[in-house]
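Coordinates in review
Here is what each chain is made of, one letter per residue.
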Amino acid sequence: MQELKIHTEYITLGQALKLANLTSSGVESKIVIAEGEVKVNGEVETRRGKKLRDGDSFSYDQETFVVHADPNA
């Protein structure tokens, strides 16, 4: 399990996949999310605009990340 640090209150699922280098583009993120290949907090998520906040986890392609949000950093 890896940590994804962000400096905002939340990040969308599509952005998180790109930031974590799990996908190479927004289009690729959209496709893998729509096909049900991504889980958020252990549940399949098909909305790429899903907001991930501090403590949320997401996984794709056998990689799992936990979001650590620090808007004051």
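Structure: see above.
Here's a quick rundown of the structure. (Residues numbered from 1 in each chain as written. Predicted model: local features only at pLDDT ≥ 70, side-chain atom pairs only at ≥ 80, totals over all residues. Heavy atoms only, no water.)

Some thoughts on the overall build of the chain
The line we're drawing: In this description a helix means any DSSP run of H or I spanning at least four residues, a strand means any run of E spanning at least two, and both kinds are numbered starting from the N terminus. Computation of the radius of gyration draws on C-alpha atoms alone. For the globule rule, the value is 2.2 Å times the number of residues to the power 0.38. Exposed residues in this analysis have more than 50% of their type's maximum accessible area, buried residues have under 20%, and partly exposed residues fall in between, with area computed by a 1.4 Å probe over protein chains only.
Looking only at helices and strands, the chain features two helices and seven strands. Reading the helices (α) and strands (β) of the chain from amino to carboxyl end gives β-β-α-α-β-β-β-β-β. Here the C-alpha radius of gyration of the chain, 11 Å, is about what a compact globule of 73 residues would show, namely 11 Å. Principal-axis analysis of the C-alpha atoms gives the chain an extent of 35 × 20 × 20 Å. Burial status across the chain gives 34% buried among its 73 residues.

As for the sheet that holds strand S6 (residues 57-60)
What counts, and what does not: At least two bridges found by DSSP between two strands are what make those strands a pair.
One open sheet holds the five strands; their spatial order is S1-S7-S6-S3-S4, and the pairing between them is mixed. Edge positions in the sheet fall to strand S1 (2-6) and strand S4 (43-44), since each of these pairs with one other strand and no more. One ladder, built from two bridges, connects strand S3 (residues 39-40) with S6; its direction is antiparallel. The residue bridging Val-40 from the neighbouring strand is Phe-58, located in S6.

Structural notes on the packing of aromatic side chains
Definition in use: We call Phe, Tyr and Trp rings a pair once their centres come within 6.5 Å, taking the six-membered ring for Trp, and we label the pair stacked below 30 degrees between planes, edge-to-face above 60, and tilted otherwise. Here, a charge over a ring is recorded when the distance from Lys NZ or Arg CZ to the ring centre is within 6 Å and its angle to the ring normal is within 35 degrees.
On inspection of all chains with the given rule, the structure shows one aromatic pair. Taken together, a centroid distance of 5.6 Å and an interplanar angle of 15° make the contact between Phe-58 and Phe-65 stacked. Sitting over the ring of Tyr-10, Lys-51 keeps its end group 4.5 Å from the ring centre.

Let's talk about the nonpolar core
Nonpolar side chains in soluble globular proteins generally cluster together in the buried interior. Test applied: We call a set of buried residues a nonpolar core when its members are Ala, Val, Leu, Ile, Met, Phe, Trp, Tyr or Cys and they connect through side-chain atoms within 4.5 Å of each other. Note on contacts: a residue pair qualifies if any of its non-hydrogen atoms lie within 4.5 Å across the two residues.
Leu-13, Leu-17, Leu-22, Val-38, Leu-52 and Phe-58 are the most contacted members of the largest nonpolar core, which has 18 residues in total. When contributions to this core are tallied by element, the ones reaching two or more residues are S1, helix H1 (13-19), helix H2 (26-34), S6 and strand S7 (63-69). If we skip the residues at most four places from it in the chain, Leu-52 touches Glu-9, Tyr-10, Ile-11, Leu-13, Ala-16, Val-40, Phe-58 and Val-67.

Here's the deal with the pairing of S7
Relative to S7, S1 runs parallel, the two being bridged by five bridges. The partner of Leu-4 across the bridge, within S7, is Val-67. Relative to S7, S6 runs antiparallel, the two sharing four bridges. Within S7, the position partnered with Ser-57 by the bridge is Val-66. Following S6, the chain reverses through two residues before pairing antiparallel with S7; Asp-61 in that reversal takes a positive phi of roughly 55°.

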